[in-house]
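Fold and geometry: a report
Spelled out, the chains give:
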Amino acid sequence: MSQKIVTVVGSTGQQGKAVIAAFTGNVQYRIRGVTRNPESASARTLASQGIDIVKADLNDLQSLIAAFEGSHVIFGLTDYWGLFMIHGPTKSKEIELQQAKNLAKAASATSTLEHYIWSTLPRGNKEYPVYHFEGKSEVHDVIRADPFLLPRTTLFLICFYANNLQIASFRPYWIETAKKYVQFTTYDPETMIPFIGAVENITPFIKAIIVNPGKTKNGTIVIGSIEQWTAKKWIEEWAAARGAQALLVQISRQSYDALWPWPRWSEEFALMMDYFQFVPLQEWTEPGVNVLTAESLDISPVETLEEWSKTYQLPEPSTVSY
C-alpha cells in the first residue's frame, strides 16, 4: 500500500514538531516538512530523520502549491510573532491574513487533499481586539466559502501554552526581600485561561483529529485545551512546586507597558488577557459552528498542568528568544 503524504508547514517550529510527532512511526504516512530555509540546522535534523524537506514561502502562492503537490493531509500555520518583531501589530495582522489565504488557496488547489488542519486562534472581538488572533481567525471565512476545502477542513484552535511563563511580561520575578515570586498583571488574577499546557499536548489532538475525520472535518473547530486554570493558579501552582509563594500584583496598562516598552510584547499580551477576562469561551467561535473539545474526542494529555508545574524550569532570561 502506498503511503499518504502529510505535509507540515512550519515543520521546524514547536507546533510543527508536535504535529510531526503525531505521524512519526505510522507506516501509513510519509512526512513532508515545509520550511523557508531547508539548510537550517533544524531542517537538516528533520531530514536526517527521514522527513522530506521542501522549501516554500508563505508570501508566494505558487511555491506553496508546488510544496503541497500530492499531499493527502496538510497542517497549515502562520507565524505572527516573526512579523510582529519587524512590522508591529497592524501590518503584521495584514501580512499574516494574506499568508493564511495563500495557504488555504494552495490547499484548495491540491487535488489529492483529504484533510486540511488549520492552526487557528479565537475570532476577533471589536471591543477587545487581539491582533495575533485576527489574521488566523478571519481566514475562516475564506475556507467556509470554498466548496472543495471546507468539507476537508478542521480548525484547530490551540490554546495557551503553560511555558508562556518565560515571556518577560508573564514571568514571575523573585523578590528577595518579600521571599516571594511576583508576577505583574493588568488583569484580574481570577481570569480563567484555557491551557493547551505543554507543547507536546498538541500531538494527541492531531492524532484524534486524524482518526475521527467524520467528526472533525467540515469546518469543525477543535478547542486545543486540556484544562482551565485561573491566572493566579497558574503561577501559584508553579511556585508551590518549588516550595515558594507567589503573588500577582495588578498594575495599570501604562505602568505595564513602561516596564516592557520594546518589542511591545506586553501590549499584545495585555490585549489577549483582556480578551480572556471579558470574552466568554462560547464567544470564541463563530455562531452555529460544530465545536469539539478534548473530552468529546477522548484525548489524554501527554502532560497535565499539575505535572507541568512540578517539572517546568524557567530558562535564564538571556537565553529566551521569541
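Everything below is about the structure printed above this text.
As the structure is a computational prediction, the values presented were derived from the model and not from experiment.

What counts, and where the lines are drawn
- Residues numbered from 1 in each chain as written.
- Predicted model: local features only at pLDDT ≥ 70, side-chain atom pairs only at ≥ 80, totals over all residues.
- Heavy atoms only, no water.
- Helix = DSSP H or I, 4+ residues; strand = E, 2+ residues; numbered from the N terminus.
- Buried < 20%, exposed > 50% of the residue type's maximum accessible area, 1.4 Å probe, protein only.
- Contact = heavy atoms within 4.5 Å.
- 1 Å grid on protein atoms, 1.4 Å probe; cavity = no way out; pocket = protein on both sides within 12 Å on 5 of 7 lines; lining within 4 Å.
- Points joined across faces, edges and corners; volume = space filled by probe spheres on them.
- Nonpolar A, V, L, I, M, F, W, Y, C, P; charged D, E, K, R; others polar.
- Pairing = 2+ DSSP bridges.
- Axes fitted to C-alpha atoms, helices over the stretch in contact; angles between N-to-C directions.
- Patch = residues over 30% accessible without salt bridge, like charges linked within 9 Å, V, L, I, M, F, W, Y side chains within 5 Å.
- Areas by Shrake-Rupley, 256 points an atom, 1.4 Å probe, with all protein chains shown as cover.
- Salt bridge = Lys/Arg side-chain N within 4 Å of Asp/Glu carboxyl O.
- Lys, Arg positive; Asp, Glu negative; His and termini not counted.
- Charge placed at Lys NZ, Arg CZ, Asp CG, Glu CD.
- Parallel < 35°, antiparallel > 145°, perpendicular 65-115°, else oblique.
- Left-handed = near helix turned anticlockwise from the far one by under 90°.

For Asn 164, the position within the fold is in the loop between β7 (160-161) and β8 (173-175). With a relative accessible area of 13%, Asn 164 lands in the buried category. Sequence-distant contacts of Asn 164, defined by excluding residues within four places in its chain, comprise Phe 170 and Trp 234.

Our next topic: the layout of surface pockets. Remark: the empty space left among the atoms is shown by a probe the size of a water molecule rolled over them. Here the largest pocket defines a volume of roughly 1,500 Å³. Contributing to the lining of the largest pocket are 50 residues, with Gln 14, Thr 78, Asp 79, Tyr 80 and Trp 81 lying nearest its centre. Secondary structure elements with two or more residues in the lining of the largest pocket: α1 (14-23), β2 (29-35), α4 (80-87), β5 (115-120), α6 (131-138), β6 (153-158), β7 and α12 (265-278). The class makeup of the residues in the lining of the largest pocket is 25 nonpolar, 21 polar and four charged.

Attention shifts here to the sheet that holds strand β13 (residues 246-250). One open sheet accounts for three strands, arranged β8-β9-β13; its pairing is mixed. Bordering the open sheet on either side are β8 and β13, each of which pairs with just one other strand. Pairwise comparison of adjacent strand axes, ignoring direction, gives a mean angle of 40 degrees for this sheet. Strand contacts of helix α10 (residues 231-240): β9 (180-185) and β13, with the helix running at about 150 degrees to β13, the strand carrying the most contacts.

Looking now at the sheet that holds strand β14 (residues 291-292). Reading across from one edge, β3-β2-β1-β4-β5-β6-β11-β14 is the order of the eight strands in this open sheet, with parallel pairing throughout. In this open sheet, the two edge strands, each paired with only one partner strand, are β3 (52-55) and β14. Pairing between β6 and strand β11 (residues 220-224): five bridges, direction parallel. Its bridge partner lying in β11, Leu 155 is registered against Ile 221. Across the sheet, helix α5 (residues 89-108) is in contact with β1 (4-9), β4 (73-76) and β5; its angle to β5 comes to roughly 170 degrees.

Another aspect to go through is a negative patch on the surface. Together, Asp 188, Glu 190, Glu 236, Glu 237, Glu 306 and Glu 307 make up a negatively charged patch on the protein surface. Secondary-structure elements contributing two or more residues to the negative patch are α10 and α13 (305-311).

Let us now look at the packing of helix α3 (residues 61-68) against α5. Contact geometry for α3 and α5: axes closest at 9 Å, N-to-C directions at 40 degrees. On the basis of the axis angle, α3 is oblique to α5. Where α3 crosses over α5, the two elements pack in a sense that is right-handed. Residues Leu 61, Leu 64, Ile 65 and Phe 68 of α3 touch α5, and the partners they reach there are Asn 102, Leu 103, Lys 105, Ala 106 and Ala 107. Looking at the contact of α3 with α5 residue by residue, the class counts come to seven nonpolar, one polar and one charged.

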